[in-house]
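# Observations on the three-dimensional arrangement
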Amino acid sequence: SVLSGMVFDAVFHLAASGVQPGAEQPGELMRNNAGGTENLLTVLELLPPCPIVIAGSWTEYGKTENGVMHEDMACQPASPYGISKLAGTLSARAWAIRTGRPLTILRFFSVVGENEPATRLGPAVFQKLMSGEPPQLGDPDQARDFVYVDDVVEALMRSAVLQEAGLILNVGTGKAVSIGEFVARVQDILGTQIAPVTNAIQRPWDVPVCCASTEKMEEKLGWKPTSTIEDVLPRLISAYRSRL
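All of the points below concern the structure found in this document. Computed from a predicted model, the values in this text were never measured in an experiment. (Residues numbered from 1 in each chain as written. Predicted model: local features only at pLDDT ≥ 70, side-chain atom pairs only at ≥ 80, totals over all residues. Heavy atoms only, no water.)

### Concerning the overall build of the protein
Secondary structure assignment for the protein yields seven helices and 10 strands. On C-alpha atoms alone, the protein measures out to a radius of gyration of 19 Å, which is about the 18 Å that the 2.2 N^0.38 rule sets for 244 residues. Each of the 244 residues in the protein was classed as buried or not, and the buried ones make up 47%. Across the protein, the fraction of contacts at a sequence separation of at least 24, relative to all contacts at a separation of at least 6, is 85%. Carbon and sulfur atoms provide 53% of the accessible area of the protein, an area that totals close to 11800 Å². The averaged location of the 27 negative side-chain charges in the protein is 3 Å from the averaged location of its 20 positive side-chain charges. (Helix = DSSP H or I, 4+ residues; strand = E, 2+ residues; numbered from the N terminus. Rg over C-alpha atoms; globule rule 2.2 N^0.38 Å. Buried < 20%, exposed > 50% of the residue type's maximum accessible area, 1.4 Å probe, protein only. Contact = heavy atoms within 4.5 Å. Areas by Shrake-Rupley, 256 points an atom, 1.4 Å probe, with all protein chains shown as cover. Lys, Arg positive; Asp, Glu negative; His and termini not counted. Charge placed at Lys NZ, Arg CZ, Asp CG, Glu CD.)

Below you can see the structure in the form of structure tokens.
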């Protein structure tokens, strides 16, 4: 292994397939997301122990009764991506408990940031509006817990000193914002008034509401994200403009 003989202060495992739904098949997602995690942990077991932090996903939860997702609830993922991420989480937890090594899974909610790919909600809506075209949306009442990338990095760094084996923490704001409201706020900043096309995107695994329960994160990290989507949208749109 290329890692043989190396010593780390901490290891962050952020690699994944299918974050942006594309041509990946369920088997490929499982090999990459679950199998890739297992491969990494097999190698790390041969090295001196250090805290390991793995990127999980809110999609592991699936649909919940009221949209609030907490770490101890039963997971029923509806998408191939969510299934593969949950498989990786279960495998990683089992490994951590067996070896007694410190390992934390951070379930990221809807991460937003300046360098998002063009297919993500913010850049896609921005491009349409700047072109004078209506944004293409699914159900505008669907709500997501948008968490700023700087807060995600802070959560990663704070988790890199934890010593529990197999801890799972949500990383979100605890507030859900509807897709329709998100688009309206972008339009307010741009000064546009273009009605979006709703229900143009159909994804069978989408859930009506996803919102992070943040109590466990606050307890374990002594912190919670402070940036709201209202705070960061002007920064994001400025970044989108610079890429035109």
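So, next bit.
### Observations regarding helix H1 (residues 26-44)
An ideal rise of 1.5 Å per residue puts 27 Å on 19 residues; H1 measures up with 26 Å between its terminal C-alpha atoms. Of all the bends found along H1, the most pronounced is centred on glycine 35 and spans about 35°. Those residues of H1 that sit buried are Leu29, Asn33, Ala34, Gly35, Thr37, Leu41 and Leu44. Close packing links the buried residues of H1 with strand S1 (11-13), strand S2 (52-57), helix H2 (80-99) and strand S4 (103-108). (Expected span 1.5 Å × (residues − 1). Bend = angle between axes of the 7 residues up to and from the residue.)

### Some words on the packing of helix H3 (residues 121-130) against helix H7 (residues 229-242)
One way to put it is that H3 packs onto H7 with a least axis distance of 10 Å and a crossing angle of 65°. Helix-helix and strand crossings are classified by hand; for H3 and H7 the assignment is right-handed. Residue-level inspection shows Gly122, Pro123, Phe126 and Met130 of H3 in contact with H7, the latter providing Ile237, Tyr240 and Arg241. Here the contact of H3 with H7 is built from residues that sort into five nonpolar, one polar and one charged. (Axes fitted to C-alpha atoms, helices over the stretch in contact; angles between N-to-C directions. Left-handed = near helix turned anticlockwise from the far one by under 90°. Nonpolar A, V, L, I, M, F, W, Y, C, P; charged D, E, K, R; others polar.)

### Some details on the packing of H1 against H2
For any two helices packed against each other, the geometry comes down to the angle between their axes and how far apart the axes lie. At a closest axis distance of 8 Å, the pairing of H1 and H2 adopts a crossing angle of 20°. Overall, the two elements H1 and H2 adopt an arrangement that is roughly parallel. You can see that H1 and H2 cross each other, and the crossing is right-handed. From H1, Pro26, Leu29, Met30, Asn33, Ala34, Thr37, Glu38 and Leu41 reach across to H2, where they touch Pro80, Tyr81, Ile83, Ser84, Lys85, Ala87, Gly88, Ser91, Ala92 and Trp95. (Parallel < 35°, antiparallel > 145°, perpendicular 65-115°, else oblique.)

### Overview of H2
Under the 1.5 Å per step criterion, the end-to-end length of H2 is 29 Å for 20 residues, consistent within 8% with the ideal 28 Å. By the burial criterion, the buried members of H2 are Tyr81, Gly82, Ser84, Lys85, Leu86, Gly88, Thr89, Ser91, Ala92, Trp95 and Ala96. Among the structural elements, H1, S2, S4 and strand S8 (165-171) are those in contact with the buried residues of H2. Among the residues trailing H2, glycine 100 stands out with phi positive, at a value near 75°.

### Some details on the pattern of salt bridges
The final tally for this structure, using the stated rule, is 12 salt bridges. Each of Lys175, Glu181, Arg185 and Glu230 takes part in one network of salt bridges that share partners. (Salt bridge = Lys/Arg side-chain N within 4 Å of Asp/Glu carboxyl O.)

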